[in-house]
Amino acid sequence: MRVLARHPIAWLLLILVIVSAFFPLAPIVDAVTGAVPGDAALTRPALYVILAPLSNTLDALTFLTIERAKVLLATWVILFVLWGIVAGRTRRGRLIRIGLAPIVVFALAGAAVTLPRPVPALESADSDATIIDFHSHTQASHDGRHGWTDDDLARWHADQGFEAAYVTDHNVIYPGRENGVIALLPGVEWSVYRQHIVALGRAQPIDSTSHALFSKDTPGMLKLFDYLHQQGALAIASIPEYWENHREDLEQFVTAGVDGFEIVNCAPKALRFSSADRADVLLLAKSHDLLVTGASDNHGWGKVTCVWNLSQVGAKGFRANEVIARPIALAQGDEPVWSAGFDQPWLMLRSLTAGERASWLTWIAVYLIYMSVPRRQGKRASIGILARDLTPQRD
Ligand SMILES: [Zn+2]
């Protein structure tokens with residue numbers, strides 16, 4: 001009983017890990033239908049599962065809007081500070097805990113963005129389809145991570161099961177390359193009037209007269225689609241711009257010949273896109289047989305994608321592509337901002353697989369067993385139970 005009283009947080013976590021199993025959330029869904037895909041599965045390396053508490057936490061910290069990330073970090077700093085005040089037995093102990101609170105929370109956030117680690121990968125049973133990313137960046141983009149080469153980008157994709165990826169740097173044409181770990185496909189992301197258009201395929205540079213036209217107003221911008229078609233490239237409208245700036249113009253996008261719309265984009269500013277917004281765009285795309293795509297929009301930060309596509313390269317039309325997304329990422333546009341500190345861990349725990357849940361329970365059990373081993377008065381926990389047992393007793 002003293003173990004229960006002394007380690008309430010570990011016990012609470014234990015209960016949450018068990019209870020969340022009764023409210024399961026699929027690790028991946030078809031972003032169009034919401035159903036669990038029958039032809040694809042997420043696989044996790046052994047080390048990812050062994051380190052599940054860390055792996056899952058860092059993944060969950062990756063799939064947040066900017067607003068929810070700020071609230072989550074603030075919530076957990078405050079909770080750790082309060083815990084430090086309650087749990088610290090001396091004034092010094094309390095101060096150390098309070099000082100450590102923001103360091104621990106921000107170290108975890110930093111680790112989510114930069115720490116090399118094993119990652120989940122998508123596997124598909126459909127041999128006709130290619131697992132593809134429609135939108136990603138290298139250091140050639142003004143906001144790309146410094147030193148993030150196309151080799152780095154290809155490895156990032158390959159680790160997560162991608163077989164091909166379009167490289168779509170901001171206003172810098174990527175020529176494509178075959179001889180890497182995966183095929184990198186040619187593309188570019190053009191910034192035009194209050195809109196980013198992802199061009200898939202061999203785009204040509206935009207001459208200054210055309211650039212002035214595309215950047216002038218909405219009717220001018222819409223002429224970009226024809227311009228790209230003449231070059232043999234497809235034009236895909238990117239989130240969040242088409243929704244934030246051109247919501248009322250989307251029928252005109254269709255009339256002007258847009259080839260498709262992104263419906264999932266993993267960039268923090270694009271995760272705000274809600275299920276209701278997505279349903280509206282899906283209705284439009286379906287009625288005009290347009291492509292809908294998922295975009296990692298990776299810029300060199302973060303280790304995990306929130307979306308994959310099962311597709312045929314160059315295929316067009318609503319049914320040509322299956323968008324497979326992580327529900328914890330799709331929920332970002334629907335969950336309130338203020339509760340991010342609590343609902344994000346809950347969404348994470350609900351998404352655990354049986355193996356991950358077993359890993360969490362094992363780590364919590366090991367901690368509780370270790371902490372419950374009686375130790376001599378005044379002596380803190382040392383390196384291990386075994387080491388302490390072997391220590392000669394001097395009484
Ligand atoms: Zn982008």
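Analysis parameters
- Residues numbered from 1 in each chain as written.
- Predicted model: local features only at pLDDT ≥ 70, side-chain atom pairs only at ≥ 80, totals over all residues.
- Helix = DSSP H or I, 4+ residues; strand = E, 2+ residues; numbered from the N terminus.
- Buried ≥ 20, exposed ≤ 12 C-beta atoms within 10 Å, placed from the backbone.
- Pairing = 2+ DSSP bridges.
- Domains from an automatic or database assignment.
- Contact = placed C-beta atoms within 7 Å.
- Core = buried A, V, L, I, M, F, W, Y, C linked by C-beta atoms within 7 Å.
- pLDDT = per-residue confidence, 0-100.
- Axes fitted to C-alpha atoms, helices over the stretch in contact; angles between N-to-C directions.
- Parallel < 35°, antiparallel > 145°, perpendicular 65-115°, else oblique.
- Nonpolar A, V, L, I, M, F, W, Y, C, P; charged D, E, K, R; others polar.

**Considering the overall build of the protein chain**
Helix and strand content of the protein chain: 17 helices and 13 strands. Taking the principal axes of its C-alpha atoms as reference, the protein chain extends roughly 90 × 45 × 40 Å. The buried share among the 395 residues of the protein chain stands at 36%.

**Overview of the pairing of strand S9 (residues 234-237)**
Burial along S9 is two-sided: the residues Leu 234 and Ile 236 and Ala 235 and Ala 237 are all buried. Two elements, strand S8 (residues 195-200) and S9, share four bridges in a ladder whose sense is antiparallel. Across the sheet, the residue bridging to Ile 197 is Ala 237, located in S9. Strand direction decides the pairing type here: S9 and strand S10 (residues 260-265), joined by two bridges, are parallel. Note on S10: the bridge partner recorded for Ala 237 is Phe 261.

**Considerations on the domain arrangement of the protein chain**
A common way to report how large an interface is uses the accessible area buried once the components associate. For the protein chain, the assigned domains read domain 1 (2-33 + 41-116 + 340-384) and domain 2 (125-333). Computed over C-alpha atoms, the centres of domain 1 and domain 2 are 34 Å apart. Contacts between domain 1 and domain 2 engage 22 residues on the former and 24 residues on the latter.

**A closer look at the nonpolar core**
The nonpolar side chains of a soluble globular protein tend to be buried, and buried together. Ranked by size, the top nonpolar core spans 84 residues in total, and within it Ala 199, Leu 224 and Ala 325 carry the most contacts. Two domains each donate at least three residues to this core, and these are domain 1 (2-33 + 41-116 + 340-384) and domain 2 (125-333). Every residue in contact with Leu 224, bar those within four places of it in the chain, is listed here: Trp 190, Val 192, Ile 197, Phe 214 and Ala 235. Grouped together as the second largest cluster of nonpolar side chains are five residues, Val 17, Ala 52, Leu 349 and Trp 360 included.

**Thoughts on the sheet that holds strand S13 (residues 321-325)**
Within the open sheet, the six strands sit side by side as S1-S13-S12-S4-S5-S6. Their pairing is mixed. A strand with exactly one partner marks an edge of an open sheet, and here the two such strands are strand S1 (29-30) and strand S6 (183-185). In this sheet, S6 lies alongside strand S5 (residues 164-166) in parallel orientation, the contact comprising three bridges. What sits directly across from Ala 164, in S6, is Ala 183.

**Here's the deal with the confidence of the model for the protein chain**
The predicted coordinates ought not to be read in detail in places where the model reports low pLDDT. When pLDDT is averaged across the protein chain, the result is 92; 93% of the residues are at 70 or more. Under a pLDDT of 50 for its full length, residues 385-395 has, in the predicted model, five contacts with residues more than four places off or in other chains.

**Remarks on the pairing of strand S7 (residues 187-192)**
Most of S7 sits inside the fold, with five of its six residues counted as buried. Relative to S8, S7 runs antiparallel, the two sharing six bridges. Following the sheet pairing, Val 188 is matched in S8 by Ala 199. If you look at the hairpin formed by S7 and S8, you'll find two residues sitting between the two strands, and Arg 194 has a positive phi there, around 50°.

**Remarks on the packing of helix H5 (residues 66-87) against helix H15 (residues 340-350)**
Relative to each other, H5 and H15 sit at 100°, their axes nearing to 8 Å. The angle between H5 and H15 falls in the class roughly perpendicular. Every residue of H15 that contacts H5 at Arg 68, Val 71, Leu 72, Thr 75 and Trp 76 is listed here: Ala 340, Gly 341 and Gln 344. The residue makeup of the contact of H5 with H15, split by class, is four nonpolar, three polar and one charged.

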